[in-house]
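So the chains spell out like this:
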Amino acid sequence: MAKDVLCAVNSCTYWAEENKCNAESIFVAYHSSKEPTQSEETDCKTFESK
């Protein structure tokens, strides 16, 4: 498991200094009908606006 999860989306409630994500868990899903092969084909469902 990753020791640190980084996130550059500072409009998220879970964003912390140094681009760290302080959520207890992360849920990433894909946003197309096919299995993703690139990061652009995924979405962070953990995002919560500040």
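Residues numbered from 1 in each chain as written. Predicted model: local features only at pLDDT ≥ 70, side-chain atom pairs only at ≥ 80, totals over all residues. Heavy atoms only, no water.

Per an unreviewed UniProt entry, the protein chain is named DUF1540 domain-containing protein, and its organism is Paenibacillus auburnensis.

Chemist: I would appreciate a short explanation of the overall build of the protein chain in the present structure.
Modeler: In terms of regular secondary structure, the protein chain is built from zero helices and four strands. Helices (α) and strands (β) of the protein chain occur, in sequence order from the N terminus, as β-β-β-β. Reported as C-alpha extents along the three principal axes, the dimensions of the protein chain are approximately 35 × 25 × 15 Å. For the protein chain, the residues scored as buried account for 12% of the 50 residues in total. By sequence separation, contacts in the protein chain at least 24 residues apart represent 25% of the contacts at least 6 residues apart. Here the protein chain displays about 4300 Å² of accessible surface, and carbon together with sulfur accounts for 50% of that area. Placing the 5 positive and 9 negative side-chain charges of the protein chain at their respective mean positions leaves the two points 1 Å apart. (Helix = DSSP H or I, 4+ residues; strand = E, 2+ residues; numbered from the N terminus. Buried < 20%, exposed > 50% of the residue type's maximum accessible area, 1.4 Å probe, protein only. Contact = heavy atoms within 4.5 Å. Areas by Shrake-Rupley, 256 points an atom, 1.4 Å probe, with all protein chains shown as cover. Lys, Arg positive; Asp, Glu negative; His and termini not counted. Charge placed at Lys NZ, Arg CZ, Asp CG, Glu CD.)

Chemist: Where do I start with the UniProt feature "domain: DUF1540" (unreviewed entry) in the protein chain in this structure?
Modeler: When the UniProt feature table is mapped onto this chain, "domain: DUF1540" (unreviewed entry) is found at residues 5-47. When the span residues 5-47 is considered, its composition is 0% helix and 23% strand, and the gap between its end C-alpha atoms is 13 Å. (UniProt positions renumbered as here; feature names shortened; annotations may be inferred.)

Chemist: Help me understand the pattern of salt bridges in this model?
Modeler: When charged atoms on two side chains of opposite charge get close, those side chains can pair. By the definition in use, this model includes two salt bridges. The partner of K20 in a salt bridge is D4, and the shortest N-O contact between them spans 3.9 Å. In this pair, K20 sits in strand β2 (residues 20-21) while D4 sits in the segment before β1 (15-16), placing the two residues 16 residues apart along the sequence. On the accessibility criterion, K20 (29% relative accessible area) is partly exposed. For D4, a relative accessible area of 44% translates into the label partly exposed. Salt-bridge contacts for E41 lead to K34; the nearest nitrogen and oxygen are separated by 3.3 Å. (Salt bridge = Lys/Arg side-chain N within 4 Å of Asp/Glu carboxyl O.)

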